[in-house]
Amino acid sequence: VTSLLIDYLGGELARETVATLHKHLRDCPDCVAFLNTYRTTVQATRSLRYEDIPARLKDRLRRSLREQIKRASARR
Amino acid sequence: MRTATFETRLGMTGKRQPGATDIMPREVGLHQADRDEQDLIRRLQAGDHRAFDAIYRRYFARVYRQVAALCRSDAEAEEVVQDVFLAIYTKARSYRGEAAFATWLYRVTMNVALSRLRRLKRNKEVSLDEYLPSYQEDGHHQVRPVVDWSPLLEDRLAKEELRGFLKGALATLSPLDRAIVVQSDLEGLSNREIGAALGLTVAAVKSRLHRSRLYLRGKLAVRLGYSPS
């Protein structure tokens, strides 16, 4: 079951395989628990955010890049 | 009752959330905006500094977000972002227009970032095996019953707990595996797009993504007091 999870969550499993998987899950609380924890882990990862751009970084980088591309242009 | 819980949850998740179109410019479909961008790219390829500035302003936040998720510090992210934009400037002529500019830019970002992170030679990468599930010969889980700790995880996340821990766990993956998880689960790119950017087959992307997810699941399980199995 574990190996099917990535395709199952991605909606990429064949309909027959999904039906077989669902049938198994109805009788296997261990696999249901595993599926739930796997799925919640993916949701938790999706909830991470890396958008806090340090203050002044954008301008500082732009200034630095301007100098560097001037040098790069001179070499072109 | 567990079955009911499982079936109820089926409708809650859907497929990937942000959608594969996330790397596409928001302006797609607006012809004038497309023409403006094409003009900008032509000027960039000719070495126009103002065009570079405009590209920088337009894509900085997106590049930064993707790079920051791969790096372990703001300083490291800053260096990588700088490398990425320098590469965009110096490699602009290699953009042939076969894919959307945003897609090309994403590939450059990943290539530069991974190359840089691999050179850093940081601490040895951790072995994932310790946190992967194990099974008995008959296919049953090694440790039974498997505890469904997902409600506990949801509760802790709702209280803004564990996000730092999860970021830390993500940071222990190899740069390549981290890139795959970030692009798939944070950026919502398809396995095909990720494979194209990283030079991997779709099967390889899926295999690495699945193994990384199992590892993160195992890390969370242990953190919450349960077995990774």
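Below is a summary of the structure that appears in this document. (Residues numbered from 1 in each chain as written. Chains lettered and ligands numbered in written order. Predicted model: local features only at pLDDT ≥ 70, side-chain atom pairs only at ≥ 80, totals over all residues. Heavy atoms only, no water.)

## Considering the overall build of chain A
In terms of helices and strands, chain A carries four helices and zero strands. For chain A, the N- to C-terminal ordering of α and β elements is α-α-α-α. The globule rule puts the C-alpha radius of gyration for 76 residues at 11 Å, and the 24 Å found for chain A is more than 25% above it. When its C-alpha atoms are laid out on the principal axes, chain A stretches across 70 × 30 × 15 Å. Burial analysis of chain A (76 residues in total) assigns 47% to the buried set. Approximately 4100 Å² of chain A is accessible, and the part contributed by carbon and sulfur atoms is 48%. (Helix = DSSP H or I, 4+ residues; strand = E, 2+ residues; numbered from the N terminus. Rg over C-alpha atoms; globule rule 2.2 N^0.38 Å. Buried < 20%, exposed > 50% of the residue type's maximum accessible area, 1.4 Å probe, protein only. Areas by Shrake-Rupley, 256 points an atom, 1.4 Å probe, with all protein chains shown as cover.)

## Thoughts on the overall build of chain B
Looking only at helices and strands, chain B features ten helices and zero strands. Start at the N end of chain B and walk to the C end: the helices and strands fall as α-α-α-α-α-α-α-α-α-α. Within chain B, buried positions represent 51% of all 229 residues. When contacts within chain B are restricted to residue pairs at least 6 apart in sequence, long-range pairs at least 24 apart make up 71% of them. For chain B, the accessible area works out to roughly 11200 Å², and carbon and sulfur atoms hold 49% of it. (Contact = heavy atoms within 4.5 Å.)

## Things to note about the interface of chain A and chain B
Residue-level contacts link 53 residues of chain A with 66 residues of chain B. Taken together, the two surfaces of chain A and chain B that pack against each other cover about 5600 Å², and 62% of this comes from carbon and sulfur. Taken together, the links from chain A to chain B amount to four salt bridges. With a closest N to O distance of 2.7 Å, Asp7 of chain A and Lys206 of chain B form a salt bridge. Every element with two or more residues in the side of chain A that touches chain B is listed here: α1 (5-9), α2 (15-26), α3 (29-46) and α4 (57-75) of chain A. When residues of the side of chain A that touches chain B are assigned to their parent elements, the largest contribution, 18 residues, is made by α3 of chain A. Classifying every residue of the side of chain A that touches chain B by side-chain character gives 23 nonpolar, 15 polar and 15 charged. (Buried area = accessible area lost by both parts, 1.4 Å probe. Salt bridge = Lys/Arg side-chain N within 4 Å of Asp/Glu carboxyl O. Nonpolar A, V, L, I, M, F, W, Y, C, P; charged D, E, K, R; others polar.)

## With respect to the pattern of salt bridges
Following the criterion strictly, the structure yields 17 salt bridges over all chains and no others. For the salt bridge of Arg60 of chain A with Glu78 of chain B, the shortest nitrogen-to-oxygen distance reads 2.5 Å. Taken together, the positions of Arg60 of chain A in helix α4 and Glu78 of chain B in helix α4 (residues 74-91) put the pair across two chains. Since its relative accessible area comes to 37%, Arg60 of chain A is described here as partly exposed. The partner of Asp48 of chain B in a salt bridge is Arg43 of chain B, with the nearest N and O atoms 3.1 Å apart. Through salt bridges with shared partners, one network takes in Asp7 and Glu12 of chain A together with Lys206 of chain B.

## Some thoughts on the environment of Asp129 of chain B
Residues and elements named next belong to chain B. Mapping Asp129 onto the fold places it in the loop between α5 (101-119) and α6 (150-158). Look at Asp129 and you get partly exposed, because its relative accessible area is 49%. Between the C-alpha atoms of Asp129 and Arg211, which are 82 residues apart in sequence, the distance is 9.3 Å.

## A look at α3 of chain A
Along an α-helix, residues three or four apart share an orientation, since each turn contains 3.6 residues. Taking 1.5 Å per residue, 18 residues should reach 26 Å; α3 of chain A reaches 26 Å between its end C-alpha atoms and fits that length. Burial analysis of α3 of chain A places 16 of its 18 residues in the buried class, the great majority of the element. (Expected span 1.5 Å × (residues − 1).)

## Some thoughts on the nonpolar core
Formed by 92 residues in total, the largest nonpolar core has its most connected members in Leu44, Phe85, Ile88 and Phe101 of chain B. Not counting the four nearest positions on each side in its chain, Ile88 of chain B is found in contact with Leu44, Ile55, Trp104, Leu105 and Val108 of chain B. (Core = buried A, V, L, I, M, F, W, Y, C linked by side-chain atoms within 4.5 Å.)

## Some details on the environment of Leu61 of chain A
Secondary-structure assignment places Leu61 of chain A in helix α4. Placed 46 residues apart in sequence, Leu61 of chain A and Arg15 of chain A show a C-alpha to C-alpha distance of 51 Å. Beyond its immediate stretch of four places on either side in the chain, Leu61 of chain A contacts Tyr56, Phe60, Glu78, Val81 and Gln82 of chain B.

## Things to note about the packing of aromatic side chains
All names here are of chain B. In this structure the tally under the stated criterion is twelve aromatic pairs over all chains. Residues Phe52 and Tyr89 carry aromatic rings whose centres are separated by 5.6 Å and whose planes lie at 85° to one another, so their mutual orientation is edge-to-face. In this pair, Phe52 is assigned in helix α3 (residues 49-68) and Tyr89 in helix α4, connecting sequence segments 37 residues apart. Across the pair, Tyr89 and Phe52 agree in class, each one buried. Between Tyr95 and Phe101, the aromatic rings sit 5.3 Å apart at their centres with planes inclined by 80°, giving edge-to-face as the arrangement. (Phe/Tyr/Trp six-rings, centres within 6.5 Å; stacked < 30°, edge-to-face > 60°.)

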